[in-house]
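So the chains spell out like this:
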Amino acid sequence: MNQNEQEKTNQAVGKQTIRFACPPAILSRASIVGDMEGQGPLASYFDQIEPDPAFGMDSWEEGESEMVRRAVQTAITKSGIAKENIRYIFGGDLLGQLIGSTFGLKDFQIPIFGLYGACSTCGEALSLAAMTVNAGYASHVIAVTSSHFGGAEKQFRFPLEYGNQRPLSSTWTVTGSGAFLVSATSPDQPMKEYPRITSVTTGKIVDYGVRDNMNMGACMAPAAADVIYQCLEDLAVKPSHFDKIITGDLGKVGSEILIKLLRDNDYDIEKQHMDCGVCIFDNEEQDTHSGGSGCAAVTLAGYILHQLESNEWKRVLFVPTGALLSTVSFNEGQTIPGVAHAVVIEHIDL
C-alpha cells in the first residue's frame, strides 16, 4: 500500500471516531500493582505485586513514581525494542502536576507528553499513541498511566490517618501502573500475533451536575454512555459486535446508571458490559463498597489483553472513564464533570 492508498483507507468516521488503515499493534504490556490488588481475582495476570505500599520509597507519591518506572521498564524489556528506538511517551497520573509520572519517567530520557484525563488517561494515552504511529511520526511509542490509593485519598478526599467512614457508593482507588508499547504496522509486517488498535473514539466532557466526590460512578457514567453511543453510531455497529464493552472504573453504582442511560438511547449493552472496577476486587472478601477506580490500565495490561492474545475474545471496546475535579473545584462547590475515551482493540487473524 503506497502513502496515497493508506491515506484513503484511513477514515475519520462519523462525528468522533478514527478508523486506522494499518491498525497499530500493542507490542508489549506491563502491569505493576499493590498488595490489595494482588489479593483480588486478577492477581495471576499482573507482572508484579508489591506488598510494600511505598514500593521501597519514603512516601506514597514516590512509591507511585517507582511503580511507573517499573511498568515502563518492564514493557520495554518484554518488547525487545531498544529504548533508543522509542520516540515518545504519552503518560499521566492522578497527582497534581503529574508528579507520579514526572519523577518516574525522567531518567528514561524519552520525549514525553504529559496527559491528564483523570482515570480516563489510559484511553487518551492509547488513542494518541495509536494516532502518532499510524501517521508515521514514530515507530514505537509508550503509553503509561498510574494511580495510588494513599496518594489519591490524601489529595482528593481525606488523609488515611483521619479514618473517615466511606459511603457505600464510594470506590477504592487502585494502586497500580499499566504501560503499553504501541508500534506501527504495515501490510508487509502485519504483526498478526499482537492485539491491534483498530479505531478510537474521543469523548466529550459531560456534566450531569453531580457534586458527590464519593460517588465517582455517578459522575462518570454519563460520559461513558455518551462516548459508547457515539462509537456505536460512528462505526454503525450493534453492541453484539464486541465480545466485551469494558468500562474503566464505574463500579456497581455507575455500571447500573450506564446501562440505563444507553437503554434510553436504544442500545442494550448489559450482555457485553464488563467494568474493571467491579472485576479487579472480590467484594465478598475485600470490602471496597462499589468497586475499584483507577484500574483501567492494569486490568487492560493484565487480564484484557491476555484474553485477546489467547483468542478467547476477538474484539473489545475499552472505555476508561474519568471524573474531572480538583480539591479547588470541589471546595468551591463546582460540579464534577466526566470524560471517557473509547478504544477498539482486536485480535486480527490474517
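Residues numbered from 1 in each chain as written. Predicted model: local features only at pLDDT ≥ 70, side-chain atom pairs only at ≥ 80, totals over all residues. Heavy atoms only, no water.

Enquirer: Just give me the short version of the nonpolar core, but keep the residues and values in it.
Expert: Counting 42 residues, the largest nonpolar core has Leu 126, Phe 180, Ile 197, Leu 300, Ile 304, Phe 318 and Ile 345 as the members making the most contacts within it. Top contributing element to this core by residue count: helix H10 (residues 296-309), with 9 residues. (Core = buried A, V, L, I, M, F, W, Y, C linked by side-chain atoms within 4.5 Å. Buried < 20%, exposed > 50% of the residue type's maximum accessible area, 1.4 Å probe, protein only. Helix = DSSP H or I, 4+ residues; strand = E, 2+ residues; numbered from the N terminus.)

Enquirer: Before we move on, could you go through the environment of Ile 26 and cite the residues and values that matter?
Expert: With respect to the helices and strands, the residue Ile 26 is situated in strand S3 (residues 25-34). Through-space distance from the C-alpha of Ile 26 to that of Arg 196 is 6.1 Å; in sequence the pair is 170 residues apart. Apart from the residues lying within four places of it in its own chain, the contact partners of Ile 26 are Phe 180, Leu 181, Tyr 194, Pro 195, Ile 197, Leu 305 and Ile 345. (Contact = heavy atoms within 4.5 Å.)

Enquirer: Any chance you could break down the packing of aromatic side chains for me, citing the residues and the numbers?
Expert: Taken as a whole, this structure holds 5 aromatic pairs when the rule is applied. A centroid spacing of 5.0 Å and a plane angle of 75° characterise the contact between Tyr 45 and Tyr 303, whose relative ring orientation is edge-to-face. Of the two residues, Tyr 45 sits in the loop between helix H2 (35-38) and strand S4 (48-50) while Tyr 303 sits in helix H10, which places them 258 residues apart along the sequence. Tyr 45 gets classed as partly exposed once you look at its relative accessible area, which sits at 26%. (Phe/Tyr/Trp six-rings, centres within 6.5 Å; stacked < 30°, edge-to-face > 60°.)

Enquirer: Quick rundown of the pairing of strand S11 (residues 244-247)? Include the residues and the values.
Expert: Looking at chain direction, S11 and strand S14 (residues 315-319) are connected through 4 bridges and run parallel. Bridge assignment links Ile 246 to a residue of S14, and that residue is Phe 318. When S11 meets strand S12 (residues 273-275), the two strands line up parallel, connected through 3 bridges. Residue pairing across strands places Ile 245 opposite His 273, the latter belonging to S12. (Pairing = 2+ DSSP bridges.)

Enquirer: Explain the confidence of the model for the protein residue by residue, including any values.
Expert: When pLDDT is averaged along the protein, the result is 88, and 85% of the positions lie at 70 or above. Counting interchain partners and residues more than four positions distant, the pLDDT-below-50 stretch residues 1-8 has 6 contacts. (pLDDT = per-residue confidence, 0-100.)

Enquirer: So what's going on with the environment of Asp 107? Which residues, and what values?
Expert: Looking at where Asp 107 falls in the secondary structure, it is placed in the loop between helix H4 (99-105) and strand S6 (112-114). The exposed category is assigned to Asp 107, whose relative accessible area is 62%. Sequence separation of Asp 107 and Arg 69 is 38 residues, and the distance between their C-alpha atoms is 8.8 Å.

Enquirer: Run through the packing of helix H7 (residues 216-235) against helix H8 (residues 251-264), naming residues and quoting values.
Expert: The relative placement of two packed helices comes down to the angle between their axes together with the axis-to-axis distance. For the pair H7 and H8, the least separation of the axes is 8 Å and the interaxial angle reads 35°. Crossing geometry of H7 relative to H8 is assigned as right-handed. Along the contact surface, H7 presents Gly 217, Ala 218, Ala 221, Pro 222, Ala 224, Ala 225, Ile 228 and Tyr 229, while H8 presents Gly 254, Ile 257, Leu 258, Leu 261 and Leu 262. Looking at the contact of H7 with H8, its residues break down into 11 nonpolar, 2 polar and no charged. (Axes fitted to C-alpha atoms, helices over the stretch in contact; angles between N-to-C directions. Left-handed = near helix turned anticlockwise from the far one by under 90°. Nonpolar A, V, L, I, M, F, W, Y, C, P; charged D, E, K, R; others polar.)

Enquirer: Which residues make up unusual backbone geometry, and what are the values?
Expert: Glycine aside, a negative phi is what most residues show, and trans is what most peptide bonds show. Its identity as a non-glycine residue notwithstanding, Leu 98 has a phi of 55°, on the positive side. With respect to the helices and strands, Leu 98 occurs in the loop between strand S5 (88-92) and H4. Of the residues examined, Leu 98 reaches a relative accessible area of 15% and is grouped as buried. Here Ala 236, not a glycine, exhibits a phi torsion of approximately 55°, which is positive. Structurally, Ala 236 is set in the loop between H7 and S11. Residue Ala 236 is classed as exposed on the basis of its relative accessible area of 68%.

Enquirer: So, the side chain of Glu 64: which residues are in play, and what are the values?
Expert: Position of Glu 64 among the secondary structure elements: in helix H3 (residues 60-79). The residues contacting Glu 64, other than those within four sequence positions of it, are Asp 93, Leu 94, Leu 95, Gly 100, Ser 146, Ser 147 and His 148.

Enquirer: Can you tell me about the pattern of salt bridges, naming the residues and giving the values?
Expert: Counted under the stated rule, the structure contains 11 salt bridges. Arg 70 is paired through a salt bridge with Glu 66; the nearest N and O atoms lie 2.9 Å apart. Residue Arg 70 and its partner Glu 66 are both found in helix H3; the two are separated by 4 residues, about one turn of the helix. Glu 66 shares its class with Arg 70; the two are buried. The residue Arg 315 makes a salt bridge to Glu 346 at a minimum N-O spacing of 3.2 Å. Of this pair, Arg 315 sits in strand S14 while Glu 346 sits in strand S17 (residues 342-346), and the two are 31 residues apart along the sequence. Taken together, the shared-partner salt bridges connect Glu 50, Glu 66, Arg 69 and Arg 70 into one network. (Salt bridge = Lys/Arg side-chain N within 4 Å of Asp/Glu carboxyl O.)

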